[in-house]
Amino acid sequence: MVTTFDLNYDQKRPGFFGPFGGRYSPEVLIPALDELESIYNECRQDAEFQAELQRLSSEYIGRPSALTLAPRLTAEWGGATVYLKREDLNHTGSHKLNNALGQVLLTLRMGKRRVIAETGAGQHGVATATVAARFGLDCTVYMGTEDVRRQQLNVFRMELLGAEVVPVESGTGTLKDATNEAMRDWARNVDDTHYIIGSVIGPHPFPMMVRDFHSVIGMEAREQMLARTGRLPDAVVACVGGGSNAIGAFHAFIPDLQVRLVGVEAGGRGDVGGDNSASITFGQIGYFHGTRSLYIQADSGQIQNVHSVSAGLDYPGVGPEHAYLAVSGRGEYVRVSDDEAIAAFREMSRLEGIMPALESSHAIAQARRLATELGPGKSVLICLSGRGDKDVAEVARLLGREL
Ligand SMILES: *Cc1c(COP(=O)(O)O)cnc(C)c1O
């Protein structure tokens with residue numbers, strides 16, 4: 001499918017991004033989604049809410065995050081100048097708190113006392129448990145049994161933060177199963193519970209709302225690039241799991257048509273089904289977790305298992321706004337393999353003294369190609385979505401090193 005890019009693509013029908021998005025949810029959730037949409041629309045306009053969000057973004061998350069020149073990567077690659085938007089410096093070590101904080105403030109507005117979340121690697125679970133602790137809310141996090149096994153440290157972290165972690169046995173015991181279970185909990189407990197979805201997925205208003213909470217990334221970066229270099233970057237590059245850090249980084253640049261927006265999917269071990277999680281490259285239009293987007297599915301429509309070396313990119317679909325940017329040609333979507341991501345992880349650690357998350361390492365590997373293609377005098381902005389401390393043990397294992 002190809003459509004022409006329309007700058008007003010999200011203004012035509014609420015909740016839709018061209019032909020993608022919408023709200024395809026069970027009846028029981030419609031009142032909660034309506035309530036959330038109306039409270040959110042109110043808070044968007046509300047100066048007091050925005051001031052509170054900004055105050056906490058500053059004193060709790062640590063915003064604005066730095067823009068950092070990467071001089072040694074730039075020299076090594078011999079092409080465009082490389083800049084990093086440092087979401088790894090946020091409290092809890094990634095972009096995820098931008099959204100969790102915004103949604104917890106909405107939860108308080110709605111007078112609800114309990115939050116729930118799904119988590120894969122545990123990053124979004126930790127972000128949700130963190131803000132729940134800060135505001136004294138009950139917190140339950142759903143996590144597949146396979147992920148619980150792989151991510152013991154994050155499970156214990158969430159427990160230390162006062163959250164209850166519920167292992168999900170069904171399916172493959174991974175992120176999509178945890179999401180199903182969280183949706184079920186929400187349907188049973190909508191009166192006192194808000195479901196903090198962790199990416200730009202799910203039924204309207206989630207993709208729009210989560211994007212808005214992360215759009216601070218691109219707004220800050222755009223100003224920082226102008227202040228620092230006097231011009232906009234030639235390309236912005238970000239990794240894409242569900243797509244929240246990427247849409248956050250891209251959004252302020254969407255009207256700047258000369259700025260290339262490059263999303264990087266997990267190419268995994270190769271192009272065979274089950275070996276990657278490149279949902280834009282290999283996905284088809286479908287309906288899953290309440291929204292119309294691109295999903296890796298069998299001809300029967302059954303959602304398929306996916307793989308990535310980085311658990312945060314391991315989701316069989318992508319947010320509907322990315323699906324639109326892809327089919328309209330405003331965004332470019334490519335993939336980077338597990339091995340290329342690990343090489344980028346090592347290269348940035350060695351050359352810049354910054355250890356990136358394995359997710360973000362996908363964006364770094366693609367930035368290398370872009371820097372060469374663009375050449376000296378141009379610039380590439382990488383969204384460094386998170387820090388790599390959480391991945392050190394896994395990288396050691398992959399490199400055959402005993403710890
Ligand atoms: C969760 C995560 C991602 C992937 O999620 P998106 O919604 O695609 O941003 C990427 N990077 C890091 C560091 C993460 O924790």
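Everything that follows concerns the structure shown earlier in this document.
So, here is what we can say about the structure in this document. (Residues numbered from 1 in each chain as written. Predicted model: local features only at pLDDT ≥ 70, side-chain atom pairs only at ≥ 80, totals over all residues. Heavy atoms only, no water.)

Regarding its fold elements, the protein chain presents 16 helices and 14 strands. Here the protein chain has a C-alpha radius of gyration of 20 Å; the compact-globule value for 403 residues is 22 Å, and the two agree. Contacts in the protein chain between residues far apart in sequence, at least 24 positions, make up 73% of those at least 6 positions apart. The centroid of the 39 positive side-chain charges in the protein chain is displaced by 4 Å from the centroid of its 49 negative side-chain charges. (Helix = DSSP H or I, 4+ residues; strand = E, 2+ residues; numbered from the N terminus. Rg over C-alpha atoms; globule rule 2.2 N^0.38 Å. Contact = heavy atoms within 4.5 Å. Lys, Arg positive; Asp, Glu negative; His and termini not counted. Charge placed at Lys NZ, Arg CZ, Asp CG, Glu CD.)

Moving on: the packing of aromatic side chains. Counting across every chain of the model gives 10 aromatic pairs. Consider the rings of F5 and Y9, whose centres lie 6.0 Å apart with planes at 50°: the pair is tilted. Taking relative accessible area as the criterion, F5 reaches 24% and is therefore assigned partly exposed. The buried category is assigned to Y9, whose relative accessible area is 4%. Ring plane angle 55° and centroid distance 6.4 Å describe the contact between Y195 and F206, whose orientation is recorded as tilted. In this pair, Y195 is assigned in strand β8 (residues 193-195) and F206 in helix α9 (residues 206-214), connecting sequence segments 11 residues apart. Here Y195 falls in the buried class, since its relative accessible area comes to 0%. By relative accessible area, which is 0% here, F206 ends up buried. Through successive ring pairs, a cluster of aromatic residues spans F5, Y9, F17 and Y324. (Phe/Tyr/Trp six-rings, centres within 6.5 Å; stacked < 30°, edge-to-face > 60°. Buried < 20%, exposed > 50% of the residue type's maximum accessible area, 1.4 Å probe, protein only.)

As a further point, take the nonpolar core. With 87 residues, the main nonpolar core has L106, W186 and F250 as its most contacted residues. Here this core spans two domains, and each of domain 1 (16-34 + 96-210) and domain 2 (62-93 + 214-398) adds at least three residues to it. In this structure, L106 is in contact with L36, I39, Y40, C43, F49, M209 and F213, ignoring residues within four places of it in sequence. (Core = buried A, V, L, I, M, F, W, Y, C linked by side-chain atoms within 4.5 Å. Domains from an automatic or database assignment.)

Moving on: the site of the ligand. Residues in close proximity to the ligand total 17 residues, the closest being K96, S199, G241, S244 and S385. A distance of 2.7 Å is found between a nitrogen atom of the ligand and a side-chain nitrogen or oxygen belonging to S385. Relative to its unbound accessible area of 380 Å², the ligand is 97% covered by the protein chains. Classifying every residue of the shell around the ligand gives three nonpolar, 12 polar and two charged. Two domains share the shell around the ligand, each providing at least three of its residues, namely domain 1 (16-34 + 96-210) and domain 2 (62-93 + 214-398). (Near = heavy atom within 4 Å. Polar contact = N/O pair within 3.5 Å; in protein donor to acceptor, adjacent residues only side chain to side chain. Areas by Shrake-Rupley, 256 points an atom, 1.4 Å probe, with all protein chains shown as cover. Nonpolar A, V, L, I, M, F, W, Y, C, P; charged D, E, K, R; others polar.)

The next subject is the packing of α9 against helix α10 (residues 216-229). Between α9 and α10, whose axes approach to 5 Å, the crossing angle comes to 35°. Note on element contacts: α10 touches α9 through V216, I217 and G218, opposite D212, F213 and H214. Residues of the contact of α9 with α10, tallied by class, amount to three nonpolar, two polar and one charged. (Axes fitted to C-alpha atoms, helices over the stretch in contact; angles between N-to-C directions.)

What follows concerns the sheet that holds strand β13 (residues 331-337). One open sheet accounts for six strands, arranged β3-β4-β14-β9-β10-β13; its pairing is mixed. The open sheet has two edge strands with one neighbour each: β3 (67-69) and β13. With direction set aside, neighbouring strand axes in the sheet form an average angle of 25°. Where strand β9 (residues 235-239) and strand β10 (residues 260-268) come together, five bridges link them in parallel fashion. Within β10, the position partnered with A238 by the bridge is G263. Contacts from helix α14 (residues 338-352) reach β3, β4 (81-86), β10, β13 and β14 (379-384), with the element oriented near 90° to β13. (Pairing = 2+ DSSP bridges.)

Before going further, it helps to examine the sheet that holds β8. The four strands lie next to each other as β7-β6-β5-β8, forming an open sheet whose pairing is parallel. Edge positions in the sheet fall to β7 (164-168) and β8, since each has one partner strand and no second. The average angle at which neighbouring strand axes cross in this sheet is 25°, direction not considered. As defined by bridge partners, strand β5 (residues 114-119) adjoins β8 across three bridges and the pair is classed as parallel.

To continue, consider the state of the cysteines. The tally for this structure, following the rule as stated, stands at zero disulfides. No disulfide involves C383; its nearest neighbouring cysteine sulfur is the one of C239, lying 7.1 Å away. By relative accessible area, which is 2% here, C383 ends up buried. (Disulfide = S-S within 2.5 Å.)

Before going further, it helps to spend a moment on the environment of D34. On the secondary structure map, D34 appears in helix α1 (residues 30-45). The exposure class assigned to D34 is partly exposed, which follows from its relative accessible area of 38%.

This part takes up α14. Counting along an α-helix, one turn takes 3.6 residues, and residues three or four places apart therefore face a common direction. Here α14 contains 15 residues, and its C-alpha end-to-end distance of 21 Å stays within 8% of the 21 Å for a straight helix at 1.5 Å per residue. Of all the positions in α14, only D338, A341, I342, A344, F345, E347, M348, L351 and E352 are classed as buried. Taken from the residues just after α14, G353 is the one with a positive phi, measuring 70°. (Expected span 1.5 Å × (residues − 1).)

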